[in-house]
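Each chain, letter by letter, is given below.
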Amino acid sequence: GRGESVKAEAAGGTLLSDLVEMSKLRINLPALVTVFAGFALGVRTSSEEGSLSQLLSPEYGWLLFHVLAGSFVLASASSMLNQYIERDADALMERTSSRPLPAGRFSPTLARSLGVVLTLAGLVYLVVLVNPLCAAVSAVTTGVYVFFYTPLKRVTSFSLLVGAFAGALPPVIGLTAATGELVSAGWSIFTIQFIWQIPHFLAIAWMYREDYERAGFPMLTVVDKKG
């Protein structure tokens, strides 16, 4: 059947492919686009004469590189810690049962340690090479995602709003990297990103509602089966 073929393919995974999958590369790389958007907006608002041409300058160019690199490390670390916490539930869902942890291809202890080390490394990187405020917003993003959103998914459908909050912060990370402060434009891009994620998450939850129910996640699409 389909489940057996997925497990058979997963069994041949390499260490590199497992690390790529645990870092959720296909999700986190596009998420960096929102960090870039926030950074570009920050450059435009950092001075009266701000323009996107400044992105090509050495000062902003390196700053952009550092915030993107640090953000990617933190996003990957968050994904690893999320999968470590949810490894038992992932094993119950067809969509996630072939992931490295539930499939038994990767050590849970190693995944947890790697996630913690990468989180600390990413935050230190942002503090030193970007600015403390950017690192603080990044720390809030990681903390909300790992320690609030992830466990709340097993408790209430309102976890959706908590996840949307964490997912709306990356453009603010980019903005604070460019400006070094929380300017008013940050609330605008946060709000846009927050509102967009709600139908986005609900669409995914509707597609995989049977999987979520099997794993015991009280998603809104599970609680309200008629949609």
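Reading the values: the criteria
Residues numbered from 1 in each chain as written. Predicted model: local features only at pLDDT ≥ 70, side-chain atom pairs only at ≥ 80, totals over all residues. Heavy atoms only, no water. Phe/Tyr/Trp six-rings, centres within 6.5 Å; stacked < 30°, edge-to-face > 60°. Helix = DSSP H or I, 4+ residues; strand = E, 2+ residues; numbered from the N terminus. Buried < 20%, exposed > 50% of the residue type's maximum accessible area, 1.4 Å probe, protein only. Contact = heavy atoms within 4.5 Å. 1 Å grid on protein atoms, 1.4 Å probe; cavity = no way out; pocket = protein on both sides within 12 Å on 5 of 7 lines; lining within 4 Å. Points joined across faces, edges and corners; volume = space filled by probe spheres on them. Nonpolar A, V, L, I, M, F, W, Y, C, P; charged D, E, K, R; others polar.

1. Notes on the packing of aromatic side chains
Next, step 1: By the definition in use, this model includes 6 aromatic pairs.
Next, step 2: Ring centres of Tyr-145 and Tyr-149 lie 5.6 Å apart, and the angle between their planes is 35 degrees; on these two criteria the pair is classed as tilted. In this pair, Tyr-145 and Tyr-149 both sit in helix α7 (residues 132–152), 4 residues apart, roughly one turn of the helix.
Next, step 3: Summarising the aromatic geometry, the rings of Phe-190 and Phe-194 are spaced 6.1 Å apart at their centres and angled 20 degrees between planes, so their arrangement reads as stacked. With Phe-190 and Phe-194 both in helix α10 (residues 185–207) and 4 residues apart, this pair spans about one turn of that helix.
Next, step 4: Judged by relative accessible area, Phe-190 falls into the buried class, the value being 13%.

2. Thoughts on the side chain of Ser-159
Next, step 1: Inspection of the secondary structure puts Ser-159 in helix α8 (residues 159–167).
Next, step 2: When neighbours within four sequence positions are excluded, Ser-159 is seen to be in contact with Tyr-149, Leu-152 and Lys-153.

3. Section: the layout of surface pockets
Next, step 1: By volume, the second largest pocket is sized at about 170 Å³.
Next, step 2: Lining the second largest pocket, in full, are Val-137, Val-140, Phe-165, Leu-169, Val-172, Leu-182, Val-183, Gly-186, Trp-187 and Phe-190.
Next, step 3: If you list the elements that add at least two residues to the lining of the second largest pocket, you get α7 and α10.
Next, step 4: Element by element, the count of residues in the lining of the second largest pocket is highest for α10, at 3 residues.
Next, step 5: Looking at the lining of the second largest pocket residue by residue, the classes come out as 9 nonpolar, 1 polar and no charged.

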